[in-house]
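Architecture at a glance
The lines below spell out each chain.
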There are 2 protein chains.
Amino acid sequence: MSTPQIVLSDPVHLRAEIRAGRFDGPTAGQGGDALQANLVILGADDAIDFLRFCQMNPRPCPLLAVGEAGDPGLPLLGRGIDLRHDVPRYRVWRDGELDEEPTDIAGLWRSDMVSFALGCSFSFEDALCSAGIPVRHQQAGRNVPMYRTSIATRPAGRFSGPLVVSMRPMSAAAAIEAVRICDRFALAHGAPVHLGDPAQIGITDIMRPDYGDVPVVAPGDIPVFWACGVTPQAAIAAARPALAITHAPGHMLVTDIPSARADRILMGPGDLAK
Amino acid sequence: MSTPQIVLSDPVHLRAEIRAGRFDGPTAGQGGDALQANLVILGADDAIDFLRFCQMNPRPCPLLAVGEAGDPGLPLLGRGIDLRHDVPRYRVWRDGELDEEPTDIAGLWRSDMVSFALGCSFSFEDALCSAGIPVRHQQAGRNVPMYRTSIATRPAGRFSGPLVVSMRPMSAAAAIEAVRICDRFALAHGAPVHLGDPAQIGITDIMRPDYGDVPVVAPGDIPVFWACGVTPQAAIAAARPALAITHAPGHMLVTDIPSARADRILMGPGDLAK
């Protein structure tokens, strides 16, 4: 169904191609070093509780920006962003169940809709690679393995559920270095939440992830776990809002913010890359 | 042999009591929050290689200050320090073998002697406690367990040997937090060098440390390993200099520098606490 994809390093150009229907693929490796974001769109009735959920659970739900009700733009993250068209593929959830995966949601947009852009792991994976730490699922061309844990999120209204984690196997020395690096990326899930024994966080079989692909583990590796952006999707499934729209996995909102900026809190439009 | 000790929170007063021969005990808990240091004193012939050894191995040997040849003071670290008297107990090494443990070394001082003050783990242990991370050997009133590893230091002249590590058992979540905290304390061994499987760094039995006391391990703990200030003592044993003087274990040089300052490089006398 996806068209053959080329690499578009300019995020403004990339979003224009997406909007024109000429790009509907995964965004990994696209948009140069621009920060990519998870997207959640909810009606006003649900938005306030979801906002509280994000603020109480910042590791899995690092808030980059929240749109004004009814406004499909996110001026903090990029000039001219229109969330009705500018994500390559969406997921539409009705009563907490996945209903369809369109490439445009203009027909679903309402004047009470609030958008949430959440940091994603692409930012820190780039930093790990730059530090010489192997990101094994990338090297193998696989998706990162993800797991539901026995750690509960802090509930807000109807939004609740387990913390979902992503896992990257690496040596102990690399794990220590990864904590040091990722601690800087508060807007990309920050430092790991666990390492070592998976059973301590309720994961019974590391080789059977709940989402993503089977891990690639090298001799001497230990599993290192990060809070994951799938957590809010699990919370939406639990809350069962009449309508929720998210990006499709891997098909992210590409912003104009340089990825390295995910180590700072975005303070306002003045923070936007010129 | 030690006299009954009272708590002296002012480092200048504490050093005066030590110099007067009225205090010869361990310095843990003494001197308020003042930075404490490991001490090494060598003749000029050995000093240049030892200085290179420290600079090539900054994790186990974080250099706080190096004295001028023949000067028993360390003005960078405290007003009026006289290293011939101001440490409660010394160790005198001849040809790499421990020879005596005096409380004063005035009779051994020579005009070519160079002193080295190295950061110690007390600084970051305080920070761990403040963050609510249990430091189990402290709680049990024991010395920290220490181990020789299969990791080699970078040799400099005759100074060489294994990296010695200290070990603190804690939960995985605490270990991640400890990496974040200790990374700030570059002058107190910095972030851990290893965690998890001891065999990966050549430790065959965690319950049989090479130095210090048997560890106290709680269910779910993982071992976390830091580069240790015993490493330079092992390097001195390997180098076998005709004469070397160090502090006795636990009997440290107490400086005038606030402990929290161990997260910065000391730049010069202007850095000294007023």
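What comes next concerns the included structure. Being a predicted model, the structure only gives us computed values, none of them experimental.

Residues and elements named next belong to chain B. Under the defined criterion, the tally for this structure stands at one cavity of 30 Å³ or more. Here the largest cavity defines a volume of roughly 40 Å³. Listing elements by their share of the lining of the largest cavity, those giving two or more residues are helix H4 (136-139) and strand E7 (162-170). With three residues, E7 is the largest single contributor of residues to the lining of the largest cavity.

This next bit is on the relation of the copies chain A and chain B. Here chain A sits on chain B after a turn of 180° about the axis and a move of 0.0 Å along it, with an RMSD of 0.0 Å. The relationship between the two copies is best expressed as a two-fold rotation axis. Identified as the residue of chain A closest to the rotation axis by C-alpha distance is Arg180 of chain A, at 3.0 Å. Here 100% of the contact residues of chain A are again contact residues in chain B; the copies associate through an equivalent surface.

A few words now on helix H3 (residues 122-130) of chain B. Residues and elements named next belong to chain B. Every buried residue of H3 is accounted for by Ser123, Phe124, Glu125, Ala127 and Leu128. Looking at the buried side of H3, the elements it contacts are strand E1 (34-42), H4, E7, helix H5 (172-182) and strand E9 (222-227). In the stretch just after H3, Gly132 is the one whose phi turns positive, near 85°.

To continue, consider the sheet that holds E7 of chain B. Residues and elements named next belong to chain B. An order of E6-E7-E9-E8 is seen for the four strands of this open sheet, with the pairing classed as antiparallel. The open sheet has two free edges, formed respectively by strand E6 (146-152) and strand E8 (194-195), since each of these has just one partner strand. Direction of pairing for E8 relative to E9: antiparallel, over a ladder of two bridges. Following the sheet pairing, His194 is matched in E9 by Phe225. Contacts between H5 and the sheet are confined to E7, E8 and E9, with E9 contributing the most and set at about 15° to the helix.

Each value, and the rule that gives it
Residues numbered from 1 in each chain as written. Chains lettered and ligands numbered in written order. Predicted model: local features only at pLDDT ≥ 70, side-chain atom pairs only at ≥ 80, totals over all residues. Heavy atoms only, no water. 1 Å grid on protein atoms, 1.4 Å probe; cavity = no way out; pocket = protein on both sides within 12 Å on 5 of 7 lines; lining within 4 Å. Points joined across faces, edges and corners; volume = space filled by probe spheres on them. Helix = DSSP H or I, 4+ residues; strand = E, 2+ residues; numbered from the N terminus. Least-squares fit on C-alpha atoms with pLDDT ≥ 70 in both. Contact = heavy atoms within 4.5 Å. Buried < 20%, exposed > 50% of the residue type's maximum accessible area, 1.4 Å probe, protein only. Pairing = 2+ DSSP bridges. Axes fitted to C-alpha atoms, helices over the stretch in contact; angles between N-to-C directions.

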